Amino acid sequence: VSPAKVCLIPSGTDLELIRPLDPRACRQTLGLALEGAVIAFLGVLYPHQGVRTLLAAVPEILRERPGTHVLIVGDGPARRPLEADAQALGLGASVAFVGRVPYDRVPLYLGAADCCVAPFTAQRGETSPLKLFDYLAAGRPVVASAIPAIADLVKASGAIVTVPPEDPRLLAEEVVALLNDPRRRQLLGEAGRRYVEAHHGWDLLAKQLISHCD
């Protein structure tokens, strides 16, 4: 195929639905505790999402930041094993498996969070993870695994902190560092929102596609 006939349209997010919201108001709406930090994961629960690494990092996060809550939003074939992992680690009420939620309620869970995580395994593959665009649209700082599939987004957005995949200790360190630095969280969140507004809104991407089809 001639290169002139090939057009690459990136993934994106719904900028009108997913937007920065007041964390306290979101927590009140969801019936979550108002005190303590909140970390959110959003996605289908497959092994490559790396939630097992997140669970392994939670004890260290709790040692440094007691009262932190982790929301795992989504469902999938790995849910039961992950719930068993959480129980074996004694995480109790610190980790909530929220399950699948209607898409129009996703902004509430992201809005309730102080930071969001994407702890992909090294074998995640080269697909473009939508969750990162949703996190950035919500104006939340992100800690993600440094895998090739997201390298360009990390560099371009300036809003994602990376750690080696499958390393609970370093994941915990970076999450705690963000939780301890509200100003940095704010700056990263604002940078992420600006970036997706400029490059990854579905309306903008649809217009790009239409222009190439004309």
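For the structure, see preceding data.
Residues numbered from 1 in each chain as written. Predicted model: local features only at pLDDT ≥ 70, side-chain atom pairs only at ≥ 80, totals over all residues. Heavy atoms only, no water.

**Observations regarding the nonpolar core**
One broad trend across soluble globular proteins is that nonpolar side chains are buried collectively. L55, I72, L132, Y135 and V175 are the most contacted members of the largest nonpolar core, which totals 66 residues. Contact partners of L55, with chain neighbours within four places excluded, come to I72, L82, D85, A86, L89, L91, V95 and F97. (Core = buried A, V, L, I, M, F, W, Y, C linked by side-chain atoms within 4.5 Å. Buried < 20%, exposed > 50% of the residue type's maximum accessible area, 1.4 Å probe, protein only. Contact = heavy atoms within 4.5 Å.)

**A few points about the pattern of salt bridges**
Applying the stated rule across the entire model yields 8 salt bridges. Across the pair D75 and R79 runs a salt bridge, and its minimum N-O distance is 3.5 Å. The partner of R193 in a salt bridge is E197, with the nearest N and O atoms 2.9 Å apart. Here E197 and R193 lie together in helix α8 (residues 182-199), a separation of 4 residues that amounts to about one turn. The structure contains a network of salt bridges with shared partners spanning R27, D114 and R185. (Salt bridge = Lys/Arg side-chain N within 4 Å of Asp/Glu carboxyl O. Helix = DSSP H or I, 4+ residues; strand = E, 2+ residues; numbered from the N terminus.)

**Digging into helix α7 (residues 168-179)**
The terminal C-alpha atoms of α7, which comprises 12 residues, lie 16 Å apart, in line with the 16 Å expected from a rise of 1.5 Å per residue. Taken residue by residue, α7 has L171, A172, V175, V176, L178 and L179 as its buried positions. Projection of α7 onto a plane perpendicular to its axis shows the buried side chains occupying an angular sector of 160 degrees, all on one side. Packed against the buried residues of α7 are β1 (38-42), α2 (51-64), β4 (115-118), β5 (142-145), β6 (160-163) and α8. (Expected span 1.5 Å × (residues − 1). Arc of directions from axis to C-beta.)

**So, the sheet that holds β4**
In a beta sheet, neighbouring strands are held together by backbone hydrogen bonds and run either parallel or antiparallel to one another. If you trace the 6 strands from one edge of the open sheet to the other, you get β3-β2-β1-β4-β5-β6, paired in parallel fashion. Of all strands in the sheet, those bounded by a partner on one side alone are β3 (95-99) and β6. Along the sheet, successive strands turn relative to each other by an average axial angle of 25 degrees, direction set aside. In the sheet, β1 pairs with β4 via 2 bridges, with the strands oriented parallel. Looking at β4, one finds that I39 is bridged to C115. Docked against the sheet, α7 engages β1, β4, β5 and β6, running at close to 155 degrees with respect to β6. (Pairing = 2+ DSSP bridges. Axes fitted to C-alpha atoms, helices over the stretch in contact; angles between N-to-C directions.)

**Side note on the packing of α2 against α7**
Where α2 contacts α7, the axes come no closer than 8 Å and their chain directions differ by 50 degrees. As far as their axial angle goes, α7 and α2 are oblique. At the point where α2 passes α7, the crossing takes the right-handed sense. Where α2 approaches α7, its residues T53, L54, A56, A57, E60, I61 and E64 are matched on the opposing element by P168, L171, A172, V175 and V176. Class assignment for the residues of the contact of α2 with α7 results in 9 nonpolar, 1 polar and 2 charged. (Parallel < 35°, antiparallel > 145°, perpendicular 65-115°, else oblique. Left-handed = near helix turned anticlockwise from the far one by under 90°. Nonpolar A, V, L, I, M, F, W, Y, C, P; charged D, E, K, R; others polar.)

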